[in-house]
Amino acid sequence: MKSLAFHLVASGFVCLLAAAGTAQAQTLPLIAVGTLDQSSAGSFSDLSGLTYPLENGVLANELGGMGSALAYAGGDTFLALPDRGPNANEFNDAVDNTVSYVNRFHTVTMDLWPNTSGSGLPFMLMPHLDSTTLLWSAQPLVYGTGEGLGIGSGVPPINKTHARYYFTGRSDNFDAAQNSGDPMDARFDTEGLRVSNDGEKVFISDEYGPYIYEFNRNTGKRLHAYKLPDMFYVKHPAPVGDDEISGNTAGRTANKGMEGLAITPDGKTLVGIMQNALIQDAAEGGDAANLLRIVTIDIASGRVMHQFGYLLTNGSGVSEILALNEHEFLVDERKGKGLGDGSKAKVKQLFKIDLNGATDVGDMDGTAAAAHAVSKTLFVDLVDSLVAAGYSTSLIPSKIEGIAIGPDVKNGGKTVHTLWVANDNDFLESVADPDGNIVMNPNEFFVFAFTDADLDGSLLMQQKFAKKCK
């Protein structure tokens, strides 16, 4: 393990016992902020080596969207996940403005050290991009021909060069004869990411299937596909999200699939959560329209073990789920307001839920499942926390999506835990603020401190990674 630039109290591989808690804090102190907009390849360039232009003219190595998911990997290492690629600008409505961006994740070193300047936040943070790993299949995948859509083939040009079948974000890369869960579809809208306890594999969830795939962390090769219950898939896929919604009576809502993914600290169970209600649940109205389904999967067998219900409180959807221990989780509930949306930030809240004793809703319709949703308590209001640190709501990112618990640090002579939060900047290097001013829109990482007391009696457990740190 290399010497870390910050003062770790624990390696992140040990369990941390929660003391008897006091009332839950609704704000947490911000201790560091860092941005990552360059690499050894240049400004806003990742390390994929893909320098050709995509269908919309954006270069295939654009460094952006890094906060769709954030996963701690031990030591000072984190993995950051972009989503399906640069499609925020108008390009081709027939494919929802998506392009043949090859899906990938980034390995990032987070250099965090105490700020001794006497002003600013307690810590300095400098993220460094170490590598970019592209995701691919050894078996042939289905790509769109582009016929009738005013666009060329969806096959990425590097397939021929590397003799591999790469996943991409283009919406027409699917087999129309199969439901949306077909693992041979090349389309992949990556949204959730976690690391296996042996450090050798990553698990990624998406919105198109929804799919949950296991990949080799070093090579990016897909190793396994986990099958979800059929109720999560749409029977009639389409390249336009609105057409998928109108053309189906059941399944995930387009572009609102399995947005969040957690792994239990023992490394045995994946826990995925949908961003919004399934089509059939939403159609029932009432509380069912705000019902999000949670799925637990045994990693070893691939078996879906349970389904649980989660009801939205203030947010319009959920972006992430993160394990505190084997049965308690933080859920990132938010609205899409803030920097990047041309509006002031609203509703970025983390709720704590407990699946112990929760009712399995797998056989229930939306109304019944909503009546048996898990209980939830507010853990932290991220907008209020950032405002307390001096942020304007105009500069708080709209898409705060990635959350992870990193290593402990010493802050003011006291040991604190660290909550890491990342944004999805939609691959837009600059955007307009609410007043129409053009401002920078970086990939940002926010680090908050919290204590055992803030957990209100819950037990915090970190994963125990077998692999050595870099």
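This is a predicted model, so every value here is computed, not measured.

Enquirer: Help me understand empty space enclosed by the protein in this model?
Expert: Empty space among the atoms becomes apparent when a probe as large as a water molecule is rolled across them. All chains considered together, the criterion is met by three cavities of 30 Å³ or more. By volume, the largest cavity amounts to about 170 Å³. As for the largest cavity, its lining consists of 16 residues, of which Ile263, Leu322, Ala323, Gln462 and Gln463 are closest to the centre. The set of elements that each furnish at least two residues to the lining of the largest cavity consists of strand 5 (69-72), strand 15 (260-263), strand 19 (317-323), strand 23 (400-411) and strand 28 (460-461).

Enquirer: Sorry if this is basic, but what is going on with the sheet that holds strand 13 (residues 212-216) here?
Expert: Ordered in space as 11-12-13-14, the four strands form an open sheet in which the pairing is antiparallel. Edge positions in the sheet fall to strand 11 (190-195) and strand 14 (222-226), since each has one partner strand and no second. Taken pair by pair, the neighbouring strands of this sheet meet at an average axis angle of 25°, ignoring direction. With five bridges connecting them, strand 11 and strand 12 (residues 201-206) associate as antiparallel partners. Within strand 12, the position partnered with leucine 193 by the bridge is isoleucine 204.

Enquirer: What am I meant to see in the pattern of salt bridges here?
Expert: Close approach of charged atoms allows side chains with opposite charge to pair. Tallying each qualifying case throughout the model produces 14 salt bridges. The salt bridge partner of lysine 376 is glutamate 333, with a shortest N-O separation of 2.8 Å. One end of the pair, lysine 376, is in strand 22 (residues 376-381); the other, glutamate 333, is in strand 20 (residues 328-337), and 43 residues separate them in sequence. Of the residues examined, glutamate 333 reaches a relative accessible area of 0% and is grouped as buried. A single salt-bridge network, built from bridges that share partners, covers Glu55, Arg170 and Asp172.

Enquirer: Before we go on, may I ask you to explain the confidence of the model for the protein in this structure?
Expert: In regions of low pLDDT, the predicted coordinates are not meant to be interpreted in detail. In the predicted model, the protein carries a mean pLDDT of 93, and 94% of its residues have values of at least 70. This stretch, residues 1-25, has a pLDDT under 50; its non-local contacts, to residues over four places away or in other chains, come to 76 contacts.

Enquirer: Looking at this model, I keep getting lost on the pairing of strand 11. Mind explaining?
Expert: Along a regular strand, successive side chains alternate from one face of the sheet to the other. Within strand 11, six of the six residues are buried, which leaves the element mostly enclosed by the surrounding structure. In this structure, the hairpin formed by strand 11 and strand 12 is closed by a connection of five residues, where glycine 199 is found at a positive phi of approximately 75°.

Enquirer: Hey, could you run me through the environment of asparagine 87 in this one?
Expert: Structurally, the position occupied by asparagine 87 is in the loop between strand 6 (77-81) and strand 7 (104-114). Here asparagine 87 falls in the buried class, since its relative accessible area comes to 17%. Considered as a pair, asparagine 87 and glycine 169 are 82 residues apart in the sequence and their alpha carbons are 9.1 Å apart. Apart from residues no more than four positions distant in its own chain, asparagine 87 is found in contact with Asp96, Asn97 and Thr98.

Enquirer: I would appreciate a short explanation of unusual backbone geometry in the present structure.
Expert: In most cases, non-glycine residues show a negative phi, while peptide bonds are predominantly trans. Looking along the chain, the bond that leaves glycine 209 and enters proline 210 is cis, with omega of 5°. Counting through the fold element by element, proline 210 comes out in the loop between strand 12 and strand 13. Phi angles above zero are rare outside glycine, and valine 347 is one such case at about 50°. In this fold, valine 347 is placed in strand 21 (residues 346-354). Not every positive phi belongs to a glycine, and phenylalanine 427 is a case in point at roughly 65°.

Criteria and thresholds
Residues numbered from 1 in each chain as written. Predicted model: local features only at pLDDT ≥ 70, side-chain atom pairs only at ≥ 80, totals over all residues. Heavy atoms only, no water. 1 Å grid on protein atoms, 1.4 Å probe; cavity = no way out; pocket = protein on both sides within 12 Å on 5 of 7 lines; lining within 4 Å. Points joined across faces, edges and corners; volume = space filled by probe spheres on them. Helix = DSSP H or I, 4+ residues; strand = E, 2+ residues; numbered from the N terminus. Pairing = 2+ DSSP bridges. Axes fitted to C-alpha atoms, helices over the stretch in contact; angles between N-to-C directions. Salt bridge = Lys/Arg side-chain N within 4 Å of Asp/Glu carboxyl O. Buried < 20%, exposed > 50% of the residue type's maximum accessible area, 1.4 Å probe, protein only. pLDDT = per-residue confidence, 0-100. Contact = heavy atoms within 4.5 Å.

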